[in-house]
Amino acid sequence: MQCAAALALLTAAGAGQAAGEKFVLISHAPDSDSWWNTIKNAIKQAGEDFNVTVDYRNPPNGDLADMARLVEQASARNYDGVIVSIADFSVLQKPLAQVVAKKIPLITINSGTLAQSEQLGALMHVGQPEYEAGLGAGQRAKAAGIKSFVCVNHYATNPSSFERCRGFADALGVDYKAATLDTNGVDPGVIESKVSAYLRSNPGTQAVLALGPDSATPSLRAVDKMGLKGKIYFATFDLSEDISKGIKDGSIKFAIDQQPYLQGYIPVAVLAIMKQDKTTDLAAIKAKLQANPKFQARLAEYGLTPSYGARHISSGPGFVTRDNIGKVEKYAGQYR
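Quick caveat, the model's predicted, so the values are computed rather than measured. (Residues numbered from 1 in each chain as written. Predicted model: local features only at pLDDT ≥ 70, side-chain atom pairs only at ≥ 80, totals over all residues. Heavy atoms only, no water.)

(A) A look at the overall build of the protein. Check the secondary structure of the protein and you find 15 helices and 13 strands. Relative to the compact-globule value of 20 Å for 336 residues, the protein shows a C-alpha radius of gyration of 20 Å, a close match. Projecting the C-alpha coordinates of the protein onto the three principal axes gives extents of approximately 60 × 40 × 30 Å. Sequence-distant contacts, at least 24 apart, represent 75% of the contacts inside the protein between residues at least 6 apart. A gap of 2 Å separates the mean positions of the 35 positive and 32 negative side-chain charges of the protein. (Helix = DSSP H or I, 4+ residues; strand = E, 2+ residues; numbered from the N terminus. Rg over C-alpha atoms; globule rule 2.2 N^0.38 Å. Contact = heavy atoms within 4.5 Å. Lys, Arg positive; Asp, Glu negative; His and termini not counted. Charge placed at Lys NZ, Arg CZ, Asp CG, Glu CD.)

In structure tokens form, the structure reads like this:
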């Protein structure tokens, strides 16, 4: 769907003041995924700053069919705006079409592509370009002499996860499919066992790329037990307390930070401004957001920097290393 057409669908929903408006953010994450706590904190603060209510919904076990039902429920409840991660385009396309058909403003976040977001009729996408993030990480590894790696994928059902692996592999000039290890979920014992088995079977592996805290922590345990801590090149996406410790002690070279706080805060703020100002003009909405003193204070306090495109807003990537970990660890797992 073209941008103008997508925005036209929002016109009827643009009237009214933001005070008292109710939005919902629906993620694909199971209850066990602590990474999303930062986004939960972000939507709470955005709700406070813009005087709106934001519900958080997710499938407890990460079942995408359950997530689709949550989207259908959101449409039926006539929220004033819906924010959703595109965990699987084919599964979510039909229920999200119901949201757009009711002229409920839609913003996509986190996973999925910009093209998918636009095809769904979303106002914008707020997230990290996954392939580019993986590519940048791989270029860092290549500069350090790395020629082989394993990508520990704890969420292979999410298509965007492979983009991270593919970008890293392309930077090294290797086949990402052969280098990707599907852990079949987030069970830490299973992940640790599979990583250990992979490294024993592929002793020439020079690097490990984890796709988040759920795979990073058990992968680190596997590496440590094999006597490879600090010897194998280890990188990961996202931040957690364990990852921060690893960066400081040198067992993790860097973390790719997609600044998840922005993925929670910005969509809520955009929807609220749209209601306050009765506009679907993206340029005007973004200008209002950038001029908002409460938002700017949040950015300054947490050390965050969004990148504004003509339609979409990028929340990353950024790289957290030993050199700048002190600036972000204070808020790791909370606002970073």
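After that view of the structure, there is still more to cover.
(B) How the structure looks around the pattern of salt bridges. This structure, assessed with the given rule, holds 15 salt bridges. For the salt bridge of Asp66 with Arg69, the shortest nitrogen-to-oxygen distance reads 2.2 Å. Here the residue Asp66 and the residue Arg69 both occupy positions in helix H3 (residues 64-76), the gap between them amounting to three residues, near one helical turn. The partner of Lys245 in a salt bridge is Glu241, and the shortest N-O contact between them spans 3.5 Å. Linking Lys245 with Glu241, this pair stays in helix H11 (residues 241-249), spanning four residues, or about one helical turn. A relative accessible area of 45% places Lys245 in the partly exposed class. Taken together, the shared-partner salt bridges in this structure form one network comprising Lys22, Asp55 and Arg57. (Salt bridge = Lys/Arg side-chain N within 4 Å of Asp/Glu carboxyl O. Buried < 20%, exposed > 50% of the residue type's maximum accessible area, 1.4 Å probe, protein only.)

(C) Highlighting the packing of aromatic side chains. Enumeration over the complete set of coordinates arrives at 12 aromatic pairs. Taking 4.6 Å as the distance between ring centres and 40 degrees as the angle between the ring planes, the aromatic pair formed by Phe149 and Phe168 counts as tilted. In this pair, Phe149 sits in strand E6 (residues 149-153) while Phe168 sits in helix H7 (residues 159-172), placing the two residues 19 residues apart along the sequence. Side by side, Phe149 and Phe168 carry an identical accessibility label, which is buried. Members of the aromatic cluster, connected to one another through ring pairs, are Phe50, Tyr261, Tyr265, Phe295, Tyr302, Tyr331 and Tyr335. Across the ring face of Phe237, the terminal group of Arg164 is positioned such that the distance to the ring centre comes to 4.1 Å. (Phe/Tyr/Trp six-rings, centres within 6.5 Å; stacked < 30°, edge-to-face > 60°. Lys NZ or Arg CZ within 6 Å of the ring centre and 35° of its normal.)

(D) Helix H9 (residues 188-201), seen in detail. Helix length check: H9 (14 residues) gives 20 Å between terminal C-alpha atoms against 20 Å at 1.5 Å per residue, within 8%. Three or more residues of H9 are buried, namely Ile191, Glu192, Val195, Ser196, Tyr198 and Leu199. Each buried residue of H9 sits inside an arc of 165 degrees when the element is viewed along its axis, so together they form one side. Set apart from the buried face of H9 by more than 90 degrees, the exposed residues are Arg200 and Ser201. (Expected span 1.5 Å × (residues − 1). Arc of directions from axis to C-beta.)

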